[in-house]
Amino acid sequence: MAKEILVGKASDFKEGDKKIVPNGKTSEIGVYLVHGKWYAYANLCPHQGGPACEGLLMAKVEEVIAEDKTYQGMRFNHDEMHIVCPWHGWEFDIADGQAVADRKWSLRKFEVEVRGEDVYVIA
Amino acid sequence: MELPTSDRYHSMSVDSFDTEKLLTNAARQRDARNLNDFPIFDADAHHYEGESISEIIEFIDDDILNHLARANPGIISSGRGGYQPMGGRITRYPLRKIEETPSDGTHRDVHLSRRWMDAMGIDYIGLFPTGMLGIGLIPQVEVEVQYARAYMRWLTEKILPSDPRVKGYVFLPFNSPEAAYEIATEFGDKEGIIGFLITSPRYKPVHDNAYMKTYSYIEETGKPLIFHSGLNWNDPLMSVTNRFIAAHALGFTLYNVIHMSNWICNALNERFPKIPVVWTESGLAWVPWLAQRLDNDYKMRSSEIPGLKKLPSEYMGDMFYTSQPMEMPNDLSFLESTFKMINAETQLLYASDYPHWDADMPCTIYDLPFLDEKAKRNILGGNAIKIFDLDVSDRYPNYKAA
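Residues numbered from 1 in each chain as written. Chains lettered and ligands numbered in written order. Predicted model: local features only at pLDDT ≥ 70, side-chain atom pairs only at ≥ 80, totals over all residues.

Before going further, it helps to spend a moment on the overall build of chain B. When helices and strands are counted, chain B shows 17 helices and 10 strands. The C-alpha atoms of chain B give a radius of gyration of 21 Å, which matches the 21 Å a tight globule of 402 residues would have. Along the three orthogonal principal directions, the C-alpha set of chain B runs to about 65 × 55 × 50 Å. Here chain B holds 402 residues, and the buried ones make up 46% of them. When contacts within chain B are restricted to residue pairs at least 6 apart in sequence, those whose partners lie at least 24 apart make up 79%. (Helix = DSSP H or I, 4+ residues; strand = E, 2+ residues; numbered from the N terminus. Rg over C-alpha atoms; globule rule 2.2 N^0.38 Å. Buried ≥ 20, exposed ≤ 12 C-beta atoms within 10 Å, placed from the backbone. Contact = placed C-beta atoms within 7 Å.)

Structure (structure tokens):
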């Protein structure tokens, strides 16, 4: 049966913030506010079990290729933010939790509910 | 400490860093799998000897080099590092600077090693340097020799005596065959030394007659000879690549491919049949490739390698391999095939490579569905205990080889 975990006050979060909350005794959930939306993922990387949510939040890196197919460099795409596991660098799309290098892998996703001022994650 | 990120809105500030905290999930894996029930040896762990460079320089006897190194330690460095942390994504790289360790006389490297060993359930480690992996590329042979001797004195006086769980290897300054022999014999019997190390990024043929007396000495000791690979982005061939991922994936494999090929094609397995030769940090997928290439050519050109008495692949199956960075394909039947080809149950040694960026946890071996419990325990510790002749009675008084 699903349980509700109180994360904290919505007003305590600013853009890009995260909070890692216990989910029982041996696991955690990372809760994020990114581009005005709430996300929650298990703090467990599907690669080797690293604490994915304890890592950086980084913008997607894109290649810049001109119309004539020549390489022009790289740039950050801030519209797509990635959770980066600090153990090995696996990157996950904040929007759906999928590993960007191989979308067959993903972080376990949880629903977030904001009721009044309170933020809950449904685990 | 502010960690570098892609933009100012998603910054990350960290006040303290603790390896044990970072590895909380590793400790959970350890407990869930009962990894403390049997010995685990990590055949390829690392320390950052460069962080202790001022200590090591104290052991350089040569006055001129000692002065030059004190003035600028960079002269005893060769590589183009800096890309391993992936722009700070691997947070333990920048954060290790703020990790605190007790000032109790035990070296910081030992304190840090114990933390991650305990978290992962690792009982013993074979410790390798980091920056020194590229020292064979320094053009001045005498610098490699002086640095190797200083490092070995520092390692055997300051690091290894602190903890019997931490083992080391004799760093051979291979670009000087005479010095390699001298250092092998000087340090081969020191406390905590379990083998001999040739760092693979270098341009010396391992079959040169000048090395035979060193190999003979190593064979007499019964200790393994380890080829630890690395990368050299300045290699003319590697310099064609423009991304670290390519230089890393290729470089860490190719140097061992070259040395392995020379070892086999000059029948060194026949000349030194009792040396356990260990190929380290090249992953595993290259072994089936090279074995098939050499076998195919050998069947046509055996007259070129008259010293062989069996197929190259059979010699390769007699040698040893450390697991990391183990390729983990989505289709595990590929990996299973590799394990079969290298006789993994007896020839494979678990290695973490921690704290480097592509480190492998013990569960990378323990969770493989095609291994039985005995094979898992052999790979995680039993095989290493055998070839390194390790005494594990301090932690496992009733240990018996499987």
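One turn of the α-helix equals 3.6 residues, which is why residues spaced by three or four share an orientation. Residues and elements named next belong to chain B. An ideal rise of 1.5 Å per residue puts 22 Å on 16 residues; helix α12 (residues 286-301) measures up with 22 Å between its terminal C-alpha atoms. Listed as buried for α12 are W286, V287, A291 and L294. Projected down its long axis, α12 carries its buried residues within an arc of 120°, all on one side. The outward face of α12, more than 90 degrees from its buried face, is lined by the exposed residues N296, K299 and M300. (Expected span 1.5 Å × (residues − 1). Arc of directions from axis to C-beta.)

Moving on, we come to the nonpolar core. Y151, V170 and L172 of chain B are the most contacted members of the largest nonpolar core, which totals 101 residues. Setting aside residues no more than four positions away along its own chain, L172 of chain B makes contact with A180, I183, A184, F196, L197 and I198 of chain B. One finds Y32, L33, L56 and M58 of chain A within the second-largest nonpolar core, a separate group that totals 29 residues. (Core = buried A, V, L, I, M, F, W, Y, C linked by C-beta atoms within 7 Å.)

Another aspect to go through is the sheet that holds strand β5 (residues 57-65) of chain A. All names here are of chain A. Spatial strand order, β5-β6-β7: three strands in an open sheet with antiparallel pairing. Two strands close off the open sheet at either side, each with one partner strand: β5 and β7 (91-93). This sheet shows a mean twist of 50° between the axes of neighbouring strands, independent of strand direction. In this sheet, strand β6 (residues 71-84) lies alongside β5 in antiparallel orientation, the contact comprising nine bridges. (Pairing = 2+ DSSP bridges. Axes fitted to C-alpha atoms, helices over the stretch in contact; angles between N-to-C directions.)

This paragraph deals with unusual backbone geometry. Residues and elements named next belong to chain B. Residue P325 is bonded to the preceding Q324 through a cis peptide linkage, with omega at -10°. Structurally, P325 is set in the loop between β9 (320-322) and α14 (332-341). The peptide bond linking Y354 to P355 adopts the cis configuration, its omega dihedral lying at 10°. Among the structural elements, P355 can be located in the loop between β10 (348-349) and α16 (363-366). Although it is not a glycine, D353 sits at a positive phi angle of roughly 70°. Position of D353 among the secondary structure elements: in the loop between β10 and α16.

This paragraph deals with the interface of chain B and chain A. Often the size quoted for an interface is simply the accessible area lost on bringing the parts together. Counting residues at the interface gives 24 residues for chain B, matched by 21 residues for chain A. For the side of chain B that touches chain A, the secondary structure elements donating two or more residues are α2 (24-32) and α16 of chain B. When residues of the side of chain B that touches chain A are assigned to their parent elements, the largest contribution, four residues, is made by α2 of chain B. Of the residues that constitute the side of chain B that touches chain A, the class distribution is nine nonpolar, 10 polar and five charged. (Nonpolar A, V, L, I, M, F, W, Y, C, P; charged D, E, K, R; others polar.)

Residue and element names in this part refer to chain B. Contact geometry of helix α7 (residues 141-159) with helix α8 (residues 177-187) gives a least axis separation of 11 Å together with a crossing angle of 10°. Taken together, α7 and α8 sit at an angle that is classed as roughly parallel. Of α8, the residues touching α7 (which contributes V145, A148, R149, M152 and T156) are A179, I183 and F187. Across the contact of α7 with α8, the residue classes break down as six nonpolar, one polar and one charged. (Parallel < 35°, antiparallel > 145°, perpendicular 65-115°, else oblique.)

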